[in-house]
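# Residue-level structural notes
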Amino acid sequence: MDNREKESIGNYEEQFDADTMDNDTRKKKRRGKIASRILFGLYSLIIFVLMLVYESVKWGLNKWGNLSIEEMIYTLKAPLKGTGQNMVGEYLQKALLPAVLISLGLIIVCALVRRFKKKYITFPFLCLVLAFAVFLGGIKGGYYFWNKLDVGAYMYNQMHPSTFIEKNYVNPAKTKLTFPQKKRNVIYLFLESMEQTYMDSSVGGHHAQNIIPELTTLAKQNVSFSDSDSYVNGAKALTGNTWTIGGMFGATAGLPLKTQVANNENSNSTVFYPRLTTLGDILQKQGYDQTLLIGSDASFGGRDRYFSQHGGYDIEDYLYAKAKGMIPNDYKVFWGYEDEKLFGFAKEKLNNLSKQSKPFNLTMLTVDTHFPTGYWDRNCRPQFPTKYENVMACSSRQVSAFIKWCQTQSWYKDTTIVISGDHPTMNATIQKGTPWDQRLVYTCYINSAVKRDSITRRNFSTQDNFPTTLAAMGVKIQGNRLGLGTNLFSNEKTLLEKYGFNYVDNELKKRSVWMEKQMEASRSNRVDIQQAKGNLPIVKASIEPYTLGQKTATVTINSIKIPKKFKVKSFEVNVSYREDGAYGNTVIVKDPKAGTKVSVDISDEHSQWYIDHYKLKQLYVNVNVSSTSNVKYTVGKGTGKVVWSKEESSQATGKTKTTSIY
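The rules behind these values
Residues numbered from 1 in each chain as written. Predicted model: local features only at pLDDT ≥ 70, side-chain atom pairs only at ≥ 80, totals over all residues. Heavy atoms only, no water. Pairing = 2+ DSSP bridges. Helix = DSSP H or I, 4+ residues; strand = E, 2+ residues; numbered from the N terminus. Contact = heavy atoms within 4.5 Å. Axes fitted to C-alpha atoms, helices over the stretch in contact; angles between N-to-C directions. Core = buried A, V, L, I, M, F, W, Y, C linked by side-chain atoms within 4.5 Å. Buried < 20%, exposed > 50% of the residue type's maximum accessible area, 1.4 Å probe, protein only. Polar contact = N/O pair within 3.5 Å; in protein donor to acceptor, adjacent residues only side chain to side chain. Phe/Tyr/Trp six-rings, centres within 6.5 Å; stacked < 30°, edge-to-face > 60°. Lys NZ or Arg CZ within 6 Å of the ring centre and 35° of its normal. pLDDT = per-residue confidence, 0-100. Parallel < 35°, antiparallel > 145°, perpendicular 65-115°, else oblique. Left-handed = near helix turned anticlockwise from the far one by under 90°. Nonpolar A, V, L, I, M, F, W, Y, C, P; charged D, E, K, R; others polar. Salt bridge = Lys/Arg side-chain N within 4 Å of Asp/Glu carboxyl O.

### A word on the sheet that holds strand 8 (residues 441–446)
The strand order across the open sheet built from 7 strands is 3-8-7-2-6-4-5, with neighbouring strands paired in mixed fashion. Where the open sheet ends on each side, the last strands, each with one partner, are strand 3 (234–235) and strand 5 (314–316). Against the sheet, helix 8 (residues 244–253) touches strand 2 (185–191), strand 4 (289–294) and strand 6 (360–365), its axis set at about 150° to strand 2. Against the sheet, helix 13 (residues 339–354) makes contact with strand 2, strand 4, strand 5 and strand 6, and its axis sits at roughly 175° relative to strand 6, the strand it touches most.

### Things to note about the nonpolar core
Counting residues in hydrophobic clusters, the biggest one holds 60 residues, and the most contacted among them are Phe 249, Leu 255, Tyr 273, Leu 283 and Leu 470. For this core, the leading source of residues is helix 8, giving 5 residues. Tyr 198, Leu 293, Phe 360 and Met 392 belong to the second-largest nonpolar core, a separate cluster that totals 45 residues.

### Some details on the side chain of Gln 518
For Gln 518, the position within the fold is in helix 18 (residues 513–518). Overall, the relative accessible area of 9% leaves Gln 518 in the buried class. Among the polar contacts listed, one links the side chain of Gln 518 to the backbone oxygen of Trp 514, at a separation of 3.1 Å. Residues within four places of Gln 518 in sequence aside, it is in contact with Tyr 273, Pro 274, Arg 275 and Leu 276.

### A look at the packing of aromatic side chains
Across all of its chains, the model carries 24 aromatic pairs by this definition. Centre to centre, the rings of Phe 225 and Phe 460 are 5.9 Å apart; their planes meet at 75°, and the pair counts as edge-to-face. Of this pair, Phe 225 sits in the loop between helix 7 (213–221) and strand 3 while Phe 460 sits in the loop between strand 8 and helix 15 (465–472), and the two are 235 residues apart along the sequence. Judged by centre distance (5.2 Å) and plane angle (85°), the rings of Tyr 337 and Phe 345 are edge-to-face. An identical accessibility class is assigned to Tyr 337 and Phe 345; each is buried. Among the aromatic residues, those joined into a cluster by ring pairs are Phe 249, Phe 272, Tyr 273, Tyr 306, Phe 307 and Tyr 313. Lying over the aromatic face of Tyr 231, Arg 457 brings its terminal NZ or CZ to 3.6 Å of the ring centre.

### Overview of the confidence of the model for the protein
Confidence in the prediction of the protein, expressed as mean pLDDT, is 82, and 73% of residues score 70 or more. In this model residues 260–267 is a low-confidence stretch, pLDDT under 50, and it forms 27 contacts with partners more than four residues away in sequence or in other chains. Predicted confidence for residues 647–662 stays below pLDDT 50, and this span has 36 contacts to residues more than four positions away or in other chains.

### Points about the packing of helix 13 against helix 14 (residues 387–406)
Between helix 13 and helix 14, the shortest axis-to-axis distance is 11 Å and the interhelical angle comes to 15°. Relative to helix 14, helix 13 is oriented roughly parallel. Here helix 13 runs over helix 14; the crossing is right-handed. For the pair helix 13 and helix 14, the contacting residues are Asp 339, Glu 340, Phe 343, Ala 346, Lys 347, Leu 350 and Asn 351 in the first and Gln 398, Val 399, Phe 402, Trp 405 and Cys 406 in the second. Grouping the amino acids of the contact of helix 13 with helix 14 by side-chain chemistry returns 7 nonpolar, 2 polar and 3 charged.

### Topic: unusual backbone geometry
Note the cis peptide between Phe 371 and Pro 372, where omega equals 10°. Residue Phe 334 is not a glycine yet carries a positive backbone phi of 55°. Looking at where Phe 334 falls in the secondary structure, it is placed in the loop between helix 12 (318–323) and helix 13. When its relative accessible area of 9% is taken as the criterion, Phe 334 is described as buried.

### A few points about the pattern of salt bridges
When their charged atoms lie close together, side chains carrying opposite charge are able to pair. Summed over the entire model, instances satisfying the criterion amount to 12 salt bridges. For the salt bridge of Lys 341 with Glu 338, the shortest nitrogen-to-oxygen distance reads 3.1 Å. Of the residues examined, Lys 341 reaches a relative accessible area of 24% and is grouped as partly exposed. With a closest N to O distance of 3.8 Å, Lys 509 and Asp 505 form a salt bridge. Of this pair, Lys 509 and Asp 505 both sit in helix 17 (residues 501–509), 4 residues apart, which is roughly one turn of the helix. Classification of Lys 509 as partly exposed rests on a relative accessible area of 26%. Classification of Asp 505 by relative accessible area gives buried; the value is 7%.

Following this line, the structure appears as C-alpha cells:
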C-alpha cells in the first residue's frame, strides 16, 4: 500500500471518527433537550398544583369563615343530595382562575429566560428562585389551612379521648318526666343561620344596624333568658352543633354530632344513633303527632333518618310537596321552595293538626337565609348594603308575621313556640370581627307554660334547648337536666356556667369512646352491608345519551332486586348534572321493573345553564327508595353521556356506564 492510499484511509478514519462524535453529540443534545422539556413540564405542573392548593384553601376558608374540621368531615361524608346553590362557578372564578393566571405568568417568565439565556439570570437560577417562592406560598397555604381548621388540635384530640360527655350526660330514658294532664302542643321553628348578633349594640348585638328588628321585638317581649328588657340573649354553638343537622341534633338530643375520619356511619348507615333518646322519642311515647316541615330535600345530611327514627316524624319536604301537588313538579328555587311557601304550608298543616285529638309537634326549618348570600324572594326589599343582610331582614318580617298569625288561632293558648337559629352563619363577612364565643344563636321561647325561677342572664348553648323545650311545655324534669343540656327555666347551672365555654368546647372536640359506642349499631347497618345481606334493594340504572337542548333525560332501570321483606313506600329517580344529585330533578316511579324507562324533565333554566356553561360530558342518576317507616336510601347510581354534536350523536350507541351503589 503506497503512501497516498495510507493517507486517504487515515483521512477517512478521521472523518468517520468526527462524524461519529458529531452524531453522539447530537444524540446527547437531543436527549438533553427532551430531558429539559420533561423537567420544565414537571416544574410547570408543580407550580400549578401548589398555586391551586393555595388559592383553593384561601377561597374555602375565607368563604366559610368559622368552618370546623368536624363539620368539614361530616359534610364530605354525609349524603349531599338536596344541597343548595352550586359552588362550582365561584370556585372556578375565585380559586382556579387565579391559580391558572399566576402559574401561567411564572411559567412564561421562566420559559423566556430559558429561551434567551440572559447572562445574569440563568434558567436554573430563575427556576430555583421561583420554586422557592412557590414553596413558601405552599407552606403559607398549608399553615393557613392547618391553623384555621386547627388540624393539629383535631389530631391530638383523636389520640387523647375525653370522658367529659359520658360523665356529664343525663340519660333521658332513665330520667323521670312528668307531663301535665293536658299536654301542650309545640311548634319548633329552626331559623337557618339566624344569630342574635345581627342586632345592634343597644340590645347586645354586634351589627352596625339592627337588621332583624321584628325578631328583636319578639325576643324582648318573650323569653331569651336575658336579665333585662334592654338586652336580648342567645345561645352559643358548641363543637358538633355548628351546621344544620348538627344544630338540630344538639337542640333535640342535647349532644354534639361527632364524626370519625375512619368510618362513615352517619352518612351511609340506615340508622341514626339508635341508642339515644331524644325530644322526638319522648313526645312520640306520649302520643304526639309529629311532623318535620322543610322546603328542601330532607335527605341532605341525614335529616330524614334522624327525625323519622327518633319520633316517627312525618317528613314533609320539598319532594313531598311535589308529590302531593303542593307545588308544580318542575318547581325549584334555591334549595327547593322558598320560605313564603313554607309558612303558607305550615298554616294549613297547623289547622289540620289542631282538629285532631292528639297533641302535636310541628318542627320547621327555614332556608332563605342559607349561606352564602341567601335567597331574595318577592317580599324582600333593599334596605341594607348587602344582599345577605336584606335576606335576613326579610326573614325577620316573615317569621314575625307567622307568629302573629299563630297568636290569633284558637289552639295558640295550648301551644308553646320555640324559635332558634340552627347555628351561626357560615358567611365569613356579615359578622366579621365578632369573636366566635360572642356569636350567639337567636333564641326565643313564646307562650311558655312555666316562668323562670330567677331573672338572671344565662350562659347557655343550643344543647340546653332539649330540656328547656320540654319545661316550656309544662313537663317537670327530675334534676332539670337531659343529655348535656340544662332546663334554663330552673336555677340549675348549665355546663357553660359550671366550666366555661372554652373548657366545654375543648372537651367536646376530643374523641369520645362513649359516643363511638352509640354509633356501633350505625356501623353494622351501613347501606352497602344491608344490601349484601339482602335487606335493602339493589338497583342498576343508566341514562341514554342526552343531546343538549332536550327537555328530558331517559333513564333505564337495567336491573332491580327488592327483598320481599322490604316494603317500598316510594321509588324515586333523580337526574342531575352533579354526582350527589343536588339541584337535580326527581320523578316518582310506581312498580319499577328491569327495562323500565323513566323520563326526567331537566329543562329547568338552572340545569341547562350549568350543562351548557361548563360543557359537561355526563349526567348522573340516583335511585332512591323510601320504606314505609319514611326512611330514604340511595340504592343505585349510574351515568349517561351528554352529546354535544351531530358527530357525537351518530357515534352514540346507547350504551352507558352503569354501577350499583358503593
